[in-house]
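Inside the fold
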Amino acid sequence: VLITGVRCTFMPARKDELRVGIVGVGDFAKVTLMPLLSRIKDIKIQAIADADITISMQAKKIYDAQIACADYKELLQDDAVDVLVIASPHRYHCM
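Residues numbered from 1 in each chain as written. Predicted model: local features only at pLDDT ≥ 70, side-chain atom pairs only at ≥ 80, totals over all residues. Heavy atoms only, no water.

1. Concerning the pairing of strand β4 (residues 43–49)
On a regular strand, one side chain projects to one face of the sheet and the next to the other, so that they alternate. Taking burial as the measure, the seven residues of β4 include six buried ones, the bulk of the element. Here strand β3 (residues 18–23) runs beside β4; their pairing, made up of six bridges, is parallel. Counted as the bridge partner of arginine 19 is lysine 44 from β4. On the question of chirality, the crossover connecting β3 to the parallel β4 by way of helix α1 (residues 27–38) is right-handed. Both β4 and strand β5 (residues 67–69) contribute to a ladder of three bridges, which runs parallel. Note on β5: the bridge partner recorded for isoleucine 48 is alanine 68. Regarding the hand of the β-α-β motif, the stretch spanning β4, helix α2 (residues 53–63) and β5 is right-handed. (Buried < 20%, exposed > 50% of the residue type's maximum accessible area, 1.4 Å probe, protein only. Helix = DSSP H or I, 4+ residues; strand = E, 2+ residues; numbered from the N terminus. Pairing = 2+ DSSP bridges. Right-handed = clockwise from strand over helix to strand, strands pointing away.)

These values are about where atoms sit, not about what they do.
Have a look at this one:
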């Protein structure tokens, strides 16, 4: 990147782990997504949101997440999550 004749290099912030929040704990998330993410070094499933709080709590226990909630908006306001993965059915992505 050149800024007024000065060369700058973008260096992302380094962290020990990437803290992931999962929105929607349906079949895809349970069977594929969360098992895969949980096996990747330096990734921690930190938070889980599902409209059914019982499902969120079950997944929280399985993946040792810190947060379980029924409203994904809680995750948007929490600094405990670095990235959100939207795993809800396609028809709900824009809600």
